[in-house]
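Results of the structural survey
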2 protein chains.
Amino acid sequence: MDLWYSEFHADTIKFSIQIEKQLLSKKSPFQQIDVFESKELGRFFTLDGFVMITEKDEFIYHDMIVHVPMHVNPEIKKVLVIGAGDGGTVRELCRYPHIEHIDMVEIDEMVVQVCEEYFPITASKLRDPRVHLYFEDGLKFVANKKNEYDLIIVDSTDPFGPGEGLFTRSFYQDCHAALNAKGILVNQHESPFYDHYRKNMQRAHKRIVETFEIAKVYQAFIPTYASGHWLFGFASKHFDPILDFKADAFAQLNLKTKYYNEDIHRASFALPNYVKDALAEGLKDE
Amino acid sequence: MDLWYSEFHADTIKFSIQIEKQLLSKKSPFQQIDVFESKELGRFFTLDGFVMITEKDEFIYHDMIVHVPMHVNPEIKKVLVIGAGDGGTVRELCRYPHIEHIDMVEIDEMVVQVCEEYFPITASKLRDPRVHLYFEDGLKFVANKKNEYDLIIVDSTDPFGPGEGLFTRSFYQDCHAALNAKGILVNQHESPFYDHYRKNMQRAHKRIVETFEIAKVYQAFIPTYASGHWLFGFASKHFDPILDFKADAFAQLNLKTKYYNEDIHRASFALPNYVKDALAEGLKDE
C-alpha cells in the first residue's frame, strides 16, 4: 500500500511520511486527532494535521523543554505544565526526585486518553502521585494563580486553534504573576526559517521580552518539525540560563539523556546571526 | 500549475518543494543536473535528484564549511577545495585577504557552467585570480600532492555516484599526505538522524579517526538537507577546533556572516548524546 501523510511546513514545502497503517482518527471537541504507524519514525500522532510527536524523535523536544530549565534552578519544587497532553514533558519532570508537585493543564482530555493508549512510554508518568491533571483551559487556570510556581512549561500547539491564546501578551503576564520571585517560564517558540513560523517566533519573543526581566531563546535539532530548527523560549524574573547554569547538579543527578548534555545546554543558546537578527527585528514591530 | 520536486530523505520520508518553473534539465558525463525556481527557497539545483544548494539556505552550509577551519588557523594561505562546483565555498574563502592560492578540483565542468549562469551570487568568486580551477578527478589530483596545503575542504555529494571515492580510507590518507604539518581537513559529513545517512556518517568518521591525529564532528541547522541536522568533519594533524579557536582573529577581520559567529563556532561541536553514541558505535564496525 502506498499511503502518505503530508504536512505543509510552508505554503510550498511539504514533508511526507509513508504510513504503514492509520491506527486512529477521531474528532475531539477541540481538534482532529490521528494516530499513524510508520517505518522510519515509528508511531506518531497529529492534531489538526500537524505532527505532535513521533516515537523516533520525541526525546529531543522533551529533553530540551525540561532539562534546560531544571538545570538552571535545582531548587524547583512546584511546576505548572500547560498543554503537553502526550505526557512526555511530565515524564522527564518526574525524573527529578526533588520536584514535589506538578499541575498539568491540558484542554483536551481526549489527547491524554489517546496517548495513554497509543504512546505508553511517552505517557508513562501521567499517573505519578505528584502529577495533578486538570482538563481545562490553561489560560483561565493560570490567571487564577499568584506567586505559586517555580517553573511553568508551555508545551503547546502552534498559535492557532486551541494553542492560540498561549501566545498572547495577557497570557505571558498571567504566567509572570503565577511564578514566584525566582520563577522560570519555558515555552515552545516556533521556528526561524520558514516565513510563517518566523513571524510566530518574532511575535512570541517580543511579547515575552516585554513581560519578563530575562528573556532568551534556545534551539534544538528536531527533524520532524518544520525546517528541523526548533526554538524554545527561556524567560525568568531572576535566572540567566547560562550564567546560572548548574552543571554540577547535572553530574550529581546522573540522569541518562539521549539528547541533552552539559555542552548542549550552553550551545543551544548560541543562535545563528540570521536568527538573532530576526528576533531583534521582531522587537521593532507593532 | 501544481508542479512538485520531491527528494527522499529516507525510503519512507519525502521532502517536496513546489516549483514555479524548471529552468534547466541537462545530463553531464557524470550526472543529471536540474535547476528550478521556487517561491519559498528561491532558485535551487539538484544533482541526480538531490538538492545541492538553494538560494535561501546555501549561506549556512558555506559559512560552516569555511569559517570554522579558517578561524582555527589564521595563517592559512594555500587551500585545496574538492567538489564545490557551485562556487559557494570559494566565495567564502575569497573573503580572507591572507589566502594566497586556492586549487579547486571539480570533476564536472558542467556544474560550474550551470552555476555561473544560474547562481551568479554563489559562483561570484570562481574567477578570482587566486582561484585555480581544475576539471578533473579530485581523487587523482590529491594523490599527487605532498605536504602542500594548509587546508583541504571536501565539499562533495553523498557517497555514491561521483562523490563515492571521496569517502574512502585511501582518499583520506592521500589528503593527510597532501596537507602540511599543520594541515586541516574539513568535509561534509552527512547526517545523524535517518538510518541511511547515519551509516554514511559512521563510516566516514571511522575512516577519518583512523587517519588523522585529531578528528572532531560539528553540526549546523540546514533546513533543506535530510533531517535538517547536517554534520561536518574537522580533522587535523595539529589543531583542535575548540582549544585552538582564534576568536580574536574573527573580530579583527570584521567579516559579516549570516550564520557563523563566535558562539556558533564553539556550539557547533556540542553534539547531542545520541549522535556521540552513534559515532562511537561506528568506530567499532568493521
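A quick note: this is a predicted structure, and the numbers were derived from the prediction, not measured.

**Digging into the sheet that holds strand β7 (residues 101-105) of chain B**
All names here are of chain B.
- The strand order β8-β7-β6-β9-β10-β12-β11 describes an open sheet built from seven strands, whose pairing is mixed. Strands at the two margins of the open sheet, each flanked by one partner only, are β8 (131-134) and β11 (214-221). The sheet shows a mean angle of 15 degrees between the axes of neighbouring strands, direction not considered.
- Relative to strand β12 (residues 229-236), strand β10 (residues 179-188) runs antiparallel, the two sharing five bridges. Bridging from a neighbouring strand, Gln188 pairs with Phe232 of β12.
- Sitting on the sheet, helix α6 (residues 195-211) touches β10, β11 and β12, and the angle it makes with β11 is about 150 degrees.

**Details of helix α3 (residues 109-118) of chain B**
- Here α3 of chain B has its buried residues at Met110, Val111, Val112, Val114, Cys115 and Tyr118 of chain B.
- Residues of α3 of chain B that are buried in the fold lie against β2 (13-27), β3 (32-38), β4 (42-47) and β7 of chain B.

**Thoughts on the relation of the copies chain A and chain B**
- For the pair chain A and chain B, the superposition axis carries a translation of 0.0 Å, the fit reaches an RMSD of 0.0 Å, and the rotation angle comes to 180 degrees. Both copies are brought into coincidence by an operation consistent with a two-fold rotation axis. Within chain A, the C-alpha atom positioned nearest to the axis of rotation is that of Ala267 of chain A, 2.1 Å from it.
- Both copies share a contact surface, since 100% of the interface residues of chain A are interface residues in chain B too.

**Some remarks on the pattern of salt bridges**
- As enumerated under the stated definition, the model contains 30 salt bridges over all chains in all.
- One salt bridge connects Lys78 of chain A with Glu148 of chain A, and the closest N-O pair in it is separated by 2.6 Å. One end of the pair, Lys78 of chain A, is in strand β6 (residues 78-83); the other, Glu148 of chain A, is in the loop between α4 (138-143) and β9 (149-155), and 70 residues separate them in sequence.
- Between Asp240 of chain A and Lys216 of chain A there is a salt bridge whose closest N-O contact spans 2.8 Å. Highlighted residues: Asp240 of chain A in the loop between β12 (229-236) and α7 (247-253) and Lys216 of chain A in strand β11 (residues 214-221), separated in sequence by 24 residues.
- Judged by relative accessible area, Lys216 of chain A falls into the partly exposed class, the value being 34%.
- Three or more residues joined by partner-sharing salt bridges are found here, namely Glu40 and Lys56 of chain A together with Asp195 and Arg198 of chain B.

**Things to note about the sheet that holds β11 of chain A**
Residues and elements named next belong to chain A.
- Strand order in the open sheet formed by seven strands is β8-β7-β6-β9-β10-β12-β11, with mixed pairing between adjacent strands. Lying at the two open borders of the sheet, with one neighbouring strand each, are β8 (131-134) and β11. Neighbour-to-neighbour, the strand axes of this sheet turn through a mean angle of 15 degrees, independent of strand direction.
- Contacting β6, β9 and β10 (179-188), helix α5 (residues 169-178) crosses the sheet at an angle of about 140 degrees to β10.
- This element, helix α6 (residues 195-211), spans β10, β11 and β12 of the sheet and lies at about 150 degrees to β11.

**A few points about the nonpolar core**
- Ranked by internal contacts, the top residues of the largest apolar core, which has 160 residues, are Phe45 and Leu93 of chain A together with Phe45 and Leu93 of chain B.
- When residues no more than four places from it in sequence are discounted, the contact partners of Leu93 of chain B are Val66, Met70, Val79, Val81, Ile99, Ile102, Leu151 and Ile153 of chain B.
- If you look at the next biggest cluster of nonpolar residues, it comprises 21 residues, including Tyr172, Ala178, Ala204 and Phe212 of chain B.

**Brief notes about the interface of chain A and chain B**
- At the junction of the two partners, chain A supplies 42 residues and chain B supplies 42 residues.
- At the boundary of chain A with chain B, total buried surface from both sides reaches about 3,600 Å², with 65% on carbon and sulfur atoms.
- When the buried surface of chain A facing chain B is broken down by residue, Thr12, Phe193 and Phe221 of chain A rank first, second and third, together holding 20% of it.
- At the junction of chain A and chain B, the tally comes to two salt bridges.
- Across the chain A-chain B interface, the total number found is 19 residue pairs in polar contact (both at pLDDT 80 or more).
- Listed by contribution, the elements that provide at least two residues to the side of chain A that touches chain B are β1 (3-10), β2 (13-27), α1 (58-70), β11, α8 (262-267) and α9 (273-284) of chain A.

**Here we look at the domain arrangement of chain A**
All names here are of chain A.
- Each domain of chain A was delimited in the assignment, giving domain 1 (3-53) and domain 2 (58-284).
- The distance between the C-alpha centroids of domain 1 and domain 2 comes to 23 Å.
- Between domain 1 and domain 2, the residue contacts involve 25 residues of the former and 23 residues of the latter.
- Together, the buried faces of domain 1 and domain 2 total about 2,100 Å²; carbon and sulfur atoms form 73% of this surface.
- The largest contributions to the domain 1 side of the interface with domain 2 come from His9, Phe30 and Ile53, which together make up 29% of the buried area.

**Section: the environment of Ser28 of chain B**
All names here are of chain B.
- Take Ser28: it is sitting in the loop between β2 and β3.
- Under the relative-accessibility criterion, Ser28 is labelled buried at 8%.
- On a C-alpha basis, the gap between Ser28 and Gly83 in space is 15 Å, while along the polypeptide they are 55 residues apart.
- If we ignore the near neighbours within four places in the chain, the residues touching Ser28 are Ile33, Asp108 and Met110.
- In terms of polar contacts, Ser28 uses its side chain to reach the side chain of Asp108, at 2.6 Å.

**With respect to the pairing of strand β5 (residues 50-54) of chain A**
- With four of five residues buried, β5 of chain A lies mostly within the body of the structure.
- Following strand β4 (residues 42-47) of chain A, the chain reverses through two residues before pairing antiparallel with β5 of chain A; Asp48 of chain A in that reversal takes a positive phi of roughly 45 degrees.

**Observations concerning unusual backbone geometry**
- We note that Asp48 of chain A has phi near 45 degrees; this positive angle belongs to a residue other than glycine.
- By the secondary structure assignment, Asp48 of chain A is in the loop between β4 and β5.
- Since its relative accessible area comes to 39%, Asp48 of chain A is described here as partly exposed.
- Positive phi, close to 55 degrees, is recorded for Asn254 of chain B, a residue that is not glycine.
- Take Asn254 of chain B: it is sitting in the loop between α7 (247-253) and α8 (262-267).

**Comments concerning the packing of aromatic side chains**
- Counted according to the given criterion, the structure contains 33 aromatic pairs over all chains.
- Where Tyr218 of chain B meets Phe232 of chain B, the ring centres are 5.2 Å apart and the plane angle is 25 degrees; that geometry is what we call stacked. Of this pair, Tyr218 of chain B sits in strand β11 while Phe232 of chain B sits in strand β12, and the two are 14 residues apart along the sequence.
- Tyr218 of chain B gets classed as buried once you look at its relative accessible area, which sits at 0%.
- For the pair Phe234 of chain B and Phe269 of chain B, a centre-to-centre distance of 6.3 Å together with 80 degrees between the ring planes defines the contact as edge-to-face. One end of the pair, Phe234 of chain B, is in strand β12; the other, Phe269 of chain B, is in the loop between α8 and α9 (273-284), and 35 residues separate them in sequence. The two residues Phe234 of chain B and Phe269 of chain B agree in class, both being buried.
- Here the guanidinium or amino end of Lys56 of chain A rests over the ring plane of Phe193 of chain B, the centre of that ring lying 4.8 Å away.
- Just above the ring of Trp4 of chain A sits the side chain of Lys14 of chain B; from NZ or CZ to the centre is 4.4 Å.

Conventions used here
Residues numbered from 1 in each chain as written. Chains lettered and ligands numbered in written order. Predicted model: local features only at pLDDT ≥ 70, side-chain atom pairs only at ≥ 80, totals over all residues. Heavy atoms only, no water. Pairing = 2+ DSSP bridges. Helix = DSSP H or I, 4+ residues; strand = E, 2+ residues; numbered from the N terminus. Axes fitted to C-alpha atoms, helices over the stretch in contact; angles between N-to-C directions. Contact = heavy atoms within 4.5 Å. Buried < 20%, exposed > 50% of the residue type's maximum accessible area, 1.4 Å probe, protein only. Least-squares fit on C-alpha atoms with pLDDT ≥ 70 in both. Salt bridge = Lys/Arg side-chain N within 4 Å of Asp/Glu carboxyl O. Core = buried A, V, L, I, M, F, W, Y, C linked by side-chain atoms within 4.5 Å. Buried area = accessible area lost by both parts, 1.4 Å probe. Polar contact = N/O pair within 3.5 Å; in protein donor to acceptor, adjacent residues only side chain to side chain. Domains from an automatic or database assignment. Phe/Tyr/Trp six-rings, centres within 6.5 Å; stacked < 30°, edge-to-face > 60°. Lys NZ or Arg CZ within 6 Å of the ring centre and 35° of its normal.

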